[in-house]
Amino acid sequence: QVQLVESGGGLVQAGGSLRLSCAASGRTFSRYAVGWFRQAPGKEREFVAAISWSGGSTYYADSVKGRFTISRDNAKNTVYLRMNSLKPEDTAVYYCAATKSDYDLPTLGIPDYWGQGTQVTVSS
């Protein structure tokens, strides 16, 4: 079993920054692709970013490219999402997710594990 716990959400003004953290317990992140989804009020959950086993490959939704950066520290079993130049439309609950993978690619598919979510609110 893998448990994922997100932290770092909060209220920021447009143009501000936040760093989200996803800490894993139960087993290491090794051989797991890890990523972030978000769900805004009244909207479907959408993919945000993903990172491969080694951290060498990443993939981002078009809406966050150039603004968000995903990274991982496998020694700490932690994945991060640095969010810069935040916009009101980034307001959502952000969920960490992990998928066991046969290849070192930033591919989540249908995640095997989910965190509980952390709220990010961006004011205009």
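Residues numbered from 1 in each chain as written. Predicted model: local features only at pLDDT ≥ 70, side-chain atom pairs only at ≥ 80, totals over all residues. Heavy atoms only, no water.

### Some words on unusual backbone geometry
Now for step 1: Here asparagine 77, not a glycine, exhibits a phi torsion of approximately 50°, which is positive.
Now for step 2: Note on placement: asparagine 77 falls in the loop between strand S7 (68-73) and strand S8 (78-83).
Now for step 3: Note on asparagine 77: relative accessible area 16%, which makes it buried.
Now for step 4: Although it is not a glycine, serine 85 adopts a positive phi angle of roughly 50°.
Now for step 5: Within the fold, serine 85 resides in the loop between S8 and strand S9 (92-100). (Helix = DSSP H or I, 4+ residues; strand = E, 2+ residues; numbered from the N terminus. Buried < 20%, exposed > 50% of the residue type's maximum accessible area, 1.4 Å probe, protein only.)

### A few points about the nonpolar core
Generally speaking, a soluble globular protein has its nonpolar side chains buried in company with each other.
Now for step 1: With 30 residues, the main nonpolar core has Trp36, Leu81, Met83 and Tyr94 as its most contacted residues.
Now for step 2: For this core, the secondary-structure elements that each account for two or more residues are strand S3 (18-25), strand S4 (32-39), strand S5 (46-51), S7, S8, S9 and strand S11 (118-123).
Now for step 3: Core analysis: the next-biggest nonpolar cluster, separate from the first, contains five residues, Ala33, Ala50, Ala97 and Leu108 among them. (Core = buried A, V, L, I, M, F, W, Y, C linked by side-chain atoms within 4.5 Å.)

### Considering the pattern of salt bridges
Now for step 1: On inspection of all chains with the given rule, the structure shows four salt bridges.
Now for step 2: With its nearest N and O atoms 3.0 Å apart, the salt bridge here joins aspartate 62 to lysine 65.
Now for step 3: Since its relative accessible area comes to 64%, aspartate 62 is described here as exposed.
Now for step 4: Residue classification places lysine 65 among the partly exposed residues on the basis of a relative accessible area of 46%. (Salt bridge = Lys/Arg side-chain N within 4 Å of Asp/Glu carboxyl O.)

### Comments concerning the packing of aromatic side chains
Each aromatic ring pair is summarised here by two numbers: the centre-to-centre distance and the angle between the ring planes.
Now for step 1: One pass over the full model with this rule turns up five aromatic pairs.
Now for step 2: Ring centres of phenylalanine 37 and phenylalanine 47 lie 5.7 Å apart, and the angle between their planes is 75°; this geometry places the pair in the edge-to-face category. In this pair, phenylalanine 37 sits in strand S4 while phenylalanine 47 sits in strand S5, placing the two residues ten residues apart along the sequence.
Now for step 3: Between phenylalanine 37 and tryptophan 114, the aromatic rings sit 5.0 Å apart at their centres with planes inclined by 55°, giving tilted as the arrangement. A residue pair is termed long-range when its members are at least 10 positions apart, and phenylalanine 37 in strand S4 and tryptophan 114 in strand S10 (residues 113-114) qualify at 77 residues.
Now for step 4: Owing to a relative accessible area of 11%, phenylalanine 37 belongs among the buried residues under this scheme.
Now for step 5: Following the ring pairs from residue to residue traces out a cluster consisting of Phe37, Phe47, Tyr59, Tyr95 and Trp114.
Now for step 6: Lying over the aromatic face of tryptophan 53, arginine 31 brings its terminal NZ or CZ to 4.4 Å of the ring centre. (Phe/Tyr/Trp six-rings, centres within 6.5 Å; stacked < 30°, edge-to-face > 60°. Lys NZ or Arg CZ within 6 Å of the ring centre and 35° of its normal.)

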